[in-house]
Amino acid sequence: MAQLSAVEKLFTVIDNTSMILVEELSCTYLEAVAETGENLFQNTILQEEVSEISKKRIEKEYSQVNLKQYSAEEIRKAYQLAALKGMKEATQPNHEMTPDAVSIFVGYLVSKFTEGWKGFSIFDPAVGTGNLLTTVLNQNQSKEIEASAIDVDDLLVKVAYVSANLQQHSIQFYNQDSLQPLYIDPVDVIVCDLPVGYYPNDIGAANFELHAKEGHSYAHHLFIEQSLKYTKEGGYLFFLVPNHLFTSEYAKELNAFLKEKSVIQGMIQLPLSLFKNENAAKSIFVIQKKGPEVKAPKQALLVNLPKFSNQTAMAGIIKQIDDWFKQEKHEIKL
């Protein structure tokens, strides 16, 4: 039998102990993933309801792994595999996890746009299980980063918080509606896999320039506006947006708003093979909030990504992006 990789070994321990906790606590698998993750972090079994027999089974599983021997990326991958399994079981259609390859690519773009910075503050207003944000942090470990995040779903915030602890990331988490007034200071960088759909709170939406004139407003439009409000002048925003962003209803209003508040740095279309159907396909949209020092690029970075598994084509794209940065010389410091 082939030897398990470090990620598979840790996932197996998280999975096995989560299954035990599901039985013992009568909870969902996703809740159990958060519970077992907290146990691993605290190095003890915190759930008092667990029987002695199950405690011994769980302890035996935990004894097979030593978290100090794992990198943050290995921990993230193993924990997110378990979270993904839990989310597939739960019916949470608006909480599709950001694919790993996409999160890694966003992390690469953040490192390119913040090249030369000693550090920065970063915020994810729809953090979900924390996969996108912690991937970006893992790829920018040489910089001092102050991170904060929000999600309206309290269980997902717990899952993300435990994941951050296990990876040794200091992230300030808030459980609230991101489209209400926020208790955070403006940041240098925002990353967000935008929740796509309608925002049900019409009274709350009325506070936004991009609210619909009648009926429900698009949540993804409001998230873009809210994000710009909480970004410093010259700060960068990296959004995962639906490909139909600029062809759907109210696209004209969104375009005018973006022109007034920001400069578009790039649009990178993700491979269609990543998505179950073309209507769900997304792109990475990079904008910069306007400020006295901000200049629009001579030419925005427009790229169609090949399949991530096509290494030759990806190498060509990376060279194209590197050349764009050399040409544009992003020397603006915050």
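Further up the page is the structure itself.
Predicted model only: the values in this text are computed from it and were never measured.

Cut-offs and rules
- Residues numbered from 1 in each chain as written.
- Predicted model: local features only at pLDDT ≥ 70, side-chain atom pairs only at ≥ 80, totals over all residues.
- Heavy atoms only, no water.
- Core = buried A, V, L, I, M, F, W, Y, C linked by side-chain atoms within 4.5 Å.
- Buried < 20%, exposed > 50% of the residue type's maximum accessible area, 1.4 Å probe, protein only.
- Helix = DSSP H or I, 4+ residues; strand = E, 2+ residues; numbered from the N terminus.
- Contact = heavy atoms within 4.5 Å.
- Expected span 1.5 Å × (residues − 1).
- Polar contact = N/O pair within 3.5 Å; in protein donor to acceptor, adjacent residues only side chain to side chain.
- Pairing = 2+ DSSP bridges.
- Axes fitted to C-alpha atoms, helices over the stretch in contact; angles between N-to-C directions.
- Parallel < 35°, antiparallel > 145°, perpendicular 65-115°, else oblique.
- Left-handed = near helix turned anticlockwise from the far one by under 90°.
- Nonpolar A, V, L, I, M, F, W, Y, C, P; charged D, E, K, R; others polar.
- Right-handed = clockwise from strand over helix to strand, strands pointing away.

Colleague: Break down the nonpolar core for me, with residues and values.
Modeller: Residues Phe105, Val106, Ile122, Val191, Phe238 and Ile284 are the most contacted members of the largest nonpolar core, which totals 41 residues. Top element by residues in this core is helix α5 (residues 100-113). It accounts for seven residues. Every residue in contact with Val106, bar those within four places of it in the chain, is listed here: Leu132, Val136, Val191, Phe238 and Ile284. Among the nonpolar cores identified, the runner-up in size contains 31 residues, and Ile20, Ala32, Val65 and Met97 belong to it.

Colleague: I'd like a rundown of helix α7 (residues 154-166), residues and numbers included.
Modeller: Its 13 residues give α7 an end-to-end C-alpha distance of 19 Å, which sits within 8% of 18 Å, the value for a rise of 1.5 Å per residue. Burial of α7 is extensive: ten of the 13 residues sit out of reach of the surface. Of the residues making up α7, those classed as buried are Leu155, Leu156, Val157, Val159, Ala160, Val162, Ser163, Ala164, Asn165 and Leu166. Where α7 is buried, its residues contact α2 (29-42), α4 (72-89), β2 (144-151) and β3 (171-175). For α7, the capping residue at the N-terminal end is Asp153, with a side-chain oxygen 2.9 Å from the backbone nitrogen of Leu155.

Colleague: Describe the sheet that holds β2, with residues and values.
Modeller: Strand order in the open sheet formed by eight strands is β3-β2-β1-β4-β7-β9-β8-β10, with mixed pairing between adjacent strands. The sheet is open, and its two edges are formed by β3 and β10 (301-304), each paired on a single side. The sheet shows a mean angle of 15° between the axes of neighbouring strands, direction not considered. In this structure, strand β8 (residues 262-269) lies alongside strand β9 (residues 282-289), joined through seven bridges in antiparallel fashion. Looking at the pairing, Met267 lines up with Phe285 of β9. Lying on the sheet, α7 is in contact with β2 and β3; it crosses β3 at an angle near 170°. Running at roughly 180° to β10, helix α11 (residues 311-328) makes contact with β8 and β10 of the sheet.

Colleague: Before we move on, can you summarise the packing of α4 against helix α6 (residues 131-138) with the specific residues and values?
Modeller: Here α4 crosses α6 at 165°, and the two axes come no closer than 10 Å. Regarding the angle of α4 to α6, the classification is roughly antiparallel. As for the relative orientation of α4 and α6, their crossing is left-handed in sense. In this structure, α4 uses Ala72, Glu73, Arg76 and Gln80 to contact α6, whose residues at the interface are Asn131, Thr134, Thr135 and Asn138. A per-class count over the contact of α4 with α6 returns one nonpolar, five polar and two charged.

Colleague: An account of the side chain of Ser227 is requested, with residue identities and associated values reported.
Modeller: If you trace the backbone, Ser227 turns up in helix α9 (residues 219-229). We classify Ser227 as buried; its relative accessible area is 2%.

Colleague: Tell me about the packing of helix α1 (residues 6-25) against α4, and name the residues and values.
Modeller: Pairs of packed helices are described in terms of their axes, by the angle between the two and the distance that separates them. Their axes nearest at 8 Å, the elements α1 and α4 cross at an angle of 40°. Between α1 and α4, the crossing angle belongs to the class labelled oblique. The handedness of the crossing between α1 and α4 comes out as right-handed. Within the contact between the two elements, α1 uses Ala6, Val7, Leu10, Phe11, Ile14, Asp15 and Met19 and α4 uses Glu74, Ile75, Lys77, Ala78, Tyr79, Leu81, Ala82 and Lys85. Of the residues assigned to the contact of α1 with α4, the class counts are eleven nonpolar, no polar and four charged.

Colleague: Account for the pairing of strand β1 (residues 119-124), naming residues and giving values.
Modeller: Across the six residues that make up β1, a large majority, five, are buried. Here β1 runs beside β2; their pairing, made up of six bridges, is parallel. Bridge pairing links Ser121 to Glu146 in β2. Crossover β1 to β2 through α6 is right-handed. Pairing geometry for β1 and strand β4 (residues 187-193), over two bridges, is parallel. Its bridge partner lying in β4, Ile122 is registered against Val189.

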